[in-house]
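# Observations on chain architecture
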Amino acid sequence: MDTKQIINELTPYKPGKQIQEVKKMFGLDRIVKLASNENPFGYTKKLDNLNTLTPSFEVYPDGYTAELRGALAERLNIDESQLVFGNGSDEIVQSVCRAFLYPGVNTVMAVPTFPQYKHNARIEGADVKEIPVINGYHDLQGMLDAIDKKTNVVWLCSPNNPTGCAIPHKDFYTFLDKCPDDVLVVLDEAYYEYLDEKKDLDTLENLPNYKNLLVLRTFSKAYGLAGLRIGYGIADSNLIAKLDVVRGPFNTSSIAQKAALIAMKDDAFIADSVSRNKRIKQDFQQFLESIDWHYYDSETNFLFISTPISGNEVFEYLLQHGFIVRPLEGLGCPNEIRITIGNESDMKQLQTIILQLNNKVIEEIQS
Ligand SMILES: *Cc1c(COP(=O)(O)O)cnc(C)c1O
């Protein structure tokens, strides 16, 4: 069977190891998954009775997502026509590539960054220009310099996955002002809720001035609804209309729409998750400093950490001791790992295991 040639060159997304798989492999009773930046505190209690609220399964979902759309538009103080929903923000990434990228044009992004930008861009046959981050931060001037007449889309991930660093407010607007206005700028804010308030880019207030800006957010991370798959994009309504052409007609399920509507109203849950994350993250950062393992700044629920032996070896050691983290060799970072900040007790236990590993490494160096 014949496919686009590029399909033979790409591999499917490799998910983090599944809990059941690891339990069996190492005969462990308990596994802690810190590999996909999920919320270790779950999701709002208001969803405990979701089964009594969901509409009939035999009926198609509302393809317009009207209820959630109305509530979000009001909350974000934008027009309903400025929203597009996706089966996770992943699907909106795919829609952007489908609508705006094709052979002969190019797209500019950081490296390392969220791998789905590149993956989908390549499927559409566009050239990908990757600009290395500087200490985990986007090299915005480097990215501007890379833009040429053939550039259709630029990806900014803030805070950036996997580095955790957020783009400073001033730099973001300097970038937007210098970027040609026929280039689509995608600002992926999957970790928006974890941002320090002061560093919020106020993107929505300024949206009317930048008709080429698309902001992506998701219910998967801080809201804890990764398993339901729902995210959204915010932009000028003309841009949204283009994405609406390429998206599937019933791309978000009725349950996901309902759950997101309920979840978005529980601000206390988000505030609690964010403050606990912050406290546990600071404690873990102090621990890393005590053993001299370097990490990047992070305004997220994960840390990008340099390891004294290869990231894959650290990954294997932690796996054998019941912790799944993310090695980053596939993203071009062989001596780094990404660890999601888990709950208090799991992170204390992880510290003990990393300490053992670090002592072993030191012993080996000395012998
Ligand atoms: C997790 C993540 C996404 C995808 O989230 P979904 O809404 O679950 O598809 C998008 N961008 C970044 C940077 C992420 O980390």
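Along helix 11 (residues 311-320), the residues classified as buried are Gly-311, Val-314, Phe-315, Tyr-317, Leu-318 and Leu-319. Of the surrounding elements, those touching the buried residues of helix 11 are helix 2 (19-26), strand 10 (323-324), strand 11 (326-327), strand 12 (336-340) and helix 12 (344-366). Taken from the residues just after helix 11, Gly-322 is the one with a positive phi, measuring 90°.

With that settled, consider unusual backbone geometry. With an omega of 0°, the peptide bond running from Val-111 to Pro-112 counts as cis. Even without glycine at this site, Asn-77 takes up a positive phi of about 60°. As for its position among the elements, Asn-77 is in the loop between helix 3 (66-76) and strand 2 (83-86). Classification of Asn-77 as exposed rests on a relative accessible area of 70%.

The next thing to look at is the domain arrangement of the chain. When cut into domains, the chain gives domain 1 (5-43 + 268-366) and domain 2 (60-264). Of note, the centres of domain 1 and domain 2, computed from C-alpha atoms alone, are 26 Å apart. Listed as interface residues are 29 residues of domain 1 and, on the opposing side, 31 residues of domain 2. Overall, the association of domain 1 and domain 2 removes approximately 2400 Å² of surface from exposure, summing both partners, and the carbon and sulfur fraction of that is 61%. Counting every contact that joins domain 1 to domain 2 gives two salt bridges. A salt bridge links Glu-9 to Arg-122; its shortest N-O distance comes to 3.5 Å. Across the contact surface, domain 1 and domain 2 share seven residue pairs in polar contact (both at pLDDT 80 or more). Secondary structure elements with two or more residues in the side of domain 1 that touches domain 2: helix 1 (5-9), helix 10 (267-290) and strand 9 (302-306). Among the elements that make up the side of domain 1 that touches domain 2, the one with the highest residue count is helix 10 (five residues). Grouping the amino acids of the side of domain 1 that touches domain 2 by side-chain chemistry returns 14 nonpolar, nine polar and six charged.

Right, let's get into the pattern of salt bridges. Considering all chains together, one arrives at 18 salt bridges under this definition. Here Glu-124 makes a salt bridge to Lys-4, at a shortest N to O gap of 3.9 Å. Taken as a pair, Glu-124 in the loop between helix 5 (116-123) and strand 4 (127-132) and Lys-4 in the segment before helix 1 lie far apart in primary sequence, 120 residues in all. Lys-118 is paired through a salt bridge with Glu-130; the nearest N and O atoms lie 3.1 Å apart. Highlighted residues: Lys-118 in helix 5 and Glu-130 in strand 4, separated in sequence by 12 residues.

What counts, and where the lines are drawn
Residues numbered from 1 in each chain as written. Predicted model: local features only at pLDDT ≥ 70, side-chain atom pairs only at ≥ 80, totals over all residues. Heavy atoms only, no water. Buried < 20%, exposed > 50% of the residue type's maximum accessible area, 1.4 Å probe, protein only. Helix = DSSP H or I, 4+ residues; strand = E, 2+ residues; numbered from the N terminus. Contact = heavy atoms within 4.5 Å. Domains from an automatic or database assignment. Buried area = accessible area lost by both parts, 1.4 Å probe. Salt bridge = Lys/Arg side-chain N within 4 Å of Asp/Glu carboxyl O. Polar contact = N/O pair within 3.5 Å; in protein donor to acceptor, adjacent residues only side chain to side chain. Nonpolar A, V, L, I, M, F, W, Y, C, P; charged D, E, K, R; others polar.

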